[in-house]
Amino acid sequence: MKMKLATWATAAMMAASPVMADLVFPSMSYRTGPFAAGGIPFADGYADYFTLLNERDGGIGGVKVSVPECETAYNTEKGVECYESLKSQNPLVLQPLSTGITYQIIPKSIVDDIPVHTMGYGRTSAKNGGVFSHIFNYPANYWDGASGVVNYLLEINNGDISGKKIALVYHNSAYGKEPIRTLEALAEKHGFELVTLAVDHPGQEQKSQWLQIRRERPDYVTMWGWGIMNQVAIQEAANIRFPMENFIGVWWAGAQHDVLPAGEAADGYKAITFHAVGDDYPVFDDIQKYVVDAGKAAGAGDQVGTVLYNRGVYAAMLAAEAAKDAQAATGNAEITGGDMRDAMEKLTITEERMAALGMPNFGPEFSVSCENHGGNGLVGVAQWDASAQEWNLISDFKQSDQDVITPLIAEDSAAFAAENNIEPRC
Amino acid sequence: MFYREAGDFSTTYAEDQQTFPIKFDRYRYYVVLFIAIVVVPFVINDYWANSLLLPFLIYAIAAIGLNILVGYCGQVSLGTGGFMAVGAYACYKFMTGVDIWWGGELLFRLPEFNIFFSVIMGGVMTALVGVLFGLPSLRIKGFYLAVATLAAQFFLVWLFNRVSWFYNYSASGQINAPERDLFGVLITGPSTEPWATYLFCLFFTIVCAVVARNLTRGASGRKWMAIRDMDIAAEIIGVNPLRAKLTAFAVSSFFVGISGALFFAVYLGAVEVGEAFGITKSFLVLFMIIIGGLGSIFGSFAGAAFLVLLPVVLKVVGVDWLGWPTDIVAHLQLVIVGGLIVMFLILEPHGLAQLWRVAKEKLRLWPFPH
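Bear in mind the structure is a predicted one, so any value in this text is a computation, not a measurement.

Caption draft 1: Representation of the interface of chain A and chain B within the structure. Taken together, the contact between chain A and chain B spans 42 residues of the former and 40 residues of the latter. Counting residues per element, the ones that place at least two in the side of chain A that touches chain B are helix 1 (2-15), strand 4 (69-71), helix 3 (76-87), helix 4 (99-112), helix 6 (174-190) and helix 14 (402-420) of chain A.

Encoded structure:
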């Protein structure tokens, strides 16, 4: 039995490595599992933007784009399988959309010369490009997010939150634990009290955490959640009648599917974001015309304009722009992962550039350098309007507290460099 | 015609009692070993190693370990994931140098162990923890024991998440395997060669399988089986249930710990306890031995192969050949694997190992069945 399956798999593998002459932007998606609700819109947006480029512009620089999809189900073992099978197709950039899988492939991607873009997730200290040569996390990372939440609270409290109590409800994993260090440093700086409450994977059971919140009576609750955990948390918050406007989620806890199950009760819930919400942009008209109406949309095609769909489009746009830069820099239409990495390290996104792409004001302006793989860390805040069923930006993209974050990034990346004997490049 | 003992004369007791007394069987075993050790390392690539062979070998070790406990000794355990986590974290601590603190001060730090001994220490530590959690088995049986081991599963995962000493105080709570080599050949870390990691795991798998096979054929295995079949009768004929059950827990946990250590250090390289060693892992390994065959070493291999390779094969066929959407294939995969499990349990409750036994029996009489 063992031998038979192995032979079968060999035959399968032999036949399954197609020759690709396209620009390959793999999508490590998850359309199944506890996080599918978030994975589907992101994967759809990512694929649709590249389909748009193929249909409207004939690809990037005249070369067609292909987006092979690999289902990870947010599972690290499947992520490894995906990484190994995608590696042979000369991918230009990987977007694992999972902090766990990101940790897995950080060391491998450096060896295999494949850039990884972990937009708003992954290992925060990858911002230090001197150590993490192939990892990019522009335009913002978790620590920017944590600081963005605190900055917003400062803003609405006239700059003083000393003595306030802020609770962090987090997914008990590498992802959820990321902001704790920054929040602790910020608590010291601004004099607020931090209460941390861990929620075990997948997060369907949060009664005890919210009971504790009811007992502790924090002034504000912030949440590092994902997938099913968000919906449950917002429902539980509604159940204990926690005022929604004092409940602020990270950008992975601020999409339509997170708030819709709670209905009217979710009205006023806030979430930070690093890109615009809504579908009022010219690019979406093009997507509608060239992709959705042409019947070429990924998935069910019903996600256009949702928050995470926009994030997928944004990620695809940043990848496509870097690819254009790489083509311009090398003079070759067909680029490699190495060229792509060099271009990503020099990427500059300006307002004009976004406007030309039909995405004016879609995200913050930023530029990447060897020292800074994380962009400028501008964070905005959006609020859910349950009656209109839409997210609205209530606070524009503002600078996070780099005084606190920069030393933390230096410390954590130095630890990684020491562990792996990496000599910082810059 | 094939596979018969006719003409196969044993002249010594050793020959008569060897693992594969039938010549054809023995040669087949040698051929498999030869291919695995000599041929595969030369043709292996990254995809083969990391997607198929490493998980297969590592899960096979875990399945052998659990099979000793459940299949041979009859003590149902749902704590496999937790015990694998013990192996992984022990291996990590020994790899990076165990630091002992007392009253906020560093008392001493052990030197960093070689990766080989780190994996062994992963097994040893897990054996100790396994014995500890095996103690309730002296009083409780069956479903109740399963619940007790379930407690071990949740407690251990909670512990590794909670106590930052286990992950060397890293901000994310992840453990990352640093680069380590054996005789100058890298075994862990990103720059490893596929043949090196494969041979490293293969070595452990073969040793574990041979040890397990011989243990289960010998006195201790017979004691375990006596306990499994009827513990009171076993006690009356002189089997000490305390020793038998605790040795089963110790040996089983040792193997599971080895597999956890390899799973973390060699296969994944970075691990997060809740995601990698959750309750689903316990069930996965339990399904492996149920499908493969309880109380059979071959069954452990067959079950591991079935549950590791089948999803990959289905994915390759569905997505890469037929070009179906990935989510449809992922869902179909669940349906097909689930359906096959149900089918196996109905048609062959003793698992793949029994199918193999039946096939051998048929081959023995072929082509003239009576």
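Caption draft 2: Expanded view of the UniProt feature "transmembrane region" (unreviewed entry) in chain B. Residues and elements named next belong to chain B. What UniProt calls "transmembrane region" (unreviewed entry) maps, in this numbering, to residues 27-44, 56-74, 81-103, 115-135, 142-160, 195-215, 246-270 and 328-347. Secondary structure across residues 115-135 comprises 95% helix and 0% strand; the distance between its end C-alpha atoms is 31 Å. Annotation note: span residues 195-215, helix share 100%, strand share 0%, distance between end C-alpha atoms 30 Å.

Caption draft 3: Broad picture of the domain arrangement of chain A. Residues and elements named next belong to chain A. You can read the domains of chain A as domain 1 (21-140 + 279-376) and domain 2 (142-273 + 379-406). On a C-alpha basis, the centroid separation for the pair domain 1 and domain 2 is 26 Å. Each side of the interface is counted separately: domain 1 has 16 residues, and domain 2 has 22 residues. At the level of elements, helix 2 (36-57), helix 4 and helix 11 (307-330) are the ones that each hand at least two residues to the side of domain 1 that touches domain 2. Among the elements that line the side of domain 1 that touches domain 2, the one with the most residues is helix 4, at three residues. Broken down by class, the residue content of the side of domain 1 that touches domain 2 amounts to nine nonpolar, seven polar and no charged.

Caption draft 4: Structural detail: the confidence of the model for chain A. Of all residues in chain A, 95% have pLDDT values of 70 or greater, and the mean over the chain is 87. Overall, residues 9-20 of chain A carries pLDDT values under 50, and its contacts beyond four positions in sequence, including any with other chains, amount to 17 contacts.

Caption draft 5: Region of interest: unusual backbone geometry. Residues and elements named next belong to chain A. Cis rather than trans, the peptide bond between Tyr-138 and Pro-139 has omega equal to 5°. Relative to the helices and strands, Pro-139 resides in the loop between strand 6 (135-136) and helix 5 (142-156). Following His-201, the chain continues to Pro-202 via a peptide bond in cis, the omega torsion being -5°. Among the structural elements, Pro-202 can be located in the loop between strand 8 (193-199) and helix 7 (207-216). Even without being glycine, Tyr-74 reaches a positive phi, approximately 65°. For Tyr-74, a count of 28 C-beta atoms within 10 Å gives the class buried. Despite not being glycine, Asn-361 shows a phi value in the positive range, around 60°. Tracing the backbone through its elements, the reader meets Asn-361 in the loop between helix 13 (351-356) and strand 13 (366-367).

What counts as what
- Residues numbered from 1 in each chain as written.
- Chains lettered and ligands numbered in written order.
- Predicted model: local features only at pLDDT ≥ 70, side-chain atom pairs only at ≥ 80, totals over all residues.
- Contact = placed C-beta atoms within 7 Å.
- Helix = DSSP H or I, 4+ residues; strand = E, 2+ residues; numbered from the N terminus.
- UniProt positions renumbered as here; feature names shortened; annotations may be inferred.
- Domains from an automatic or database assignment.
- Nonpolar A, V, L, I, M, F, W, Y, C, P; charged D, E, K, R; others polar.
- pLDDT = per-residue confidence, 0-100.
- Buried ≥ 20, exposed ≤ 12 C-beta atoms within 10 Å, placed from the backbone.

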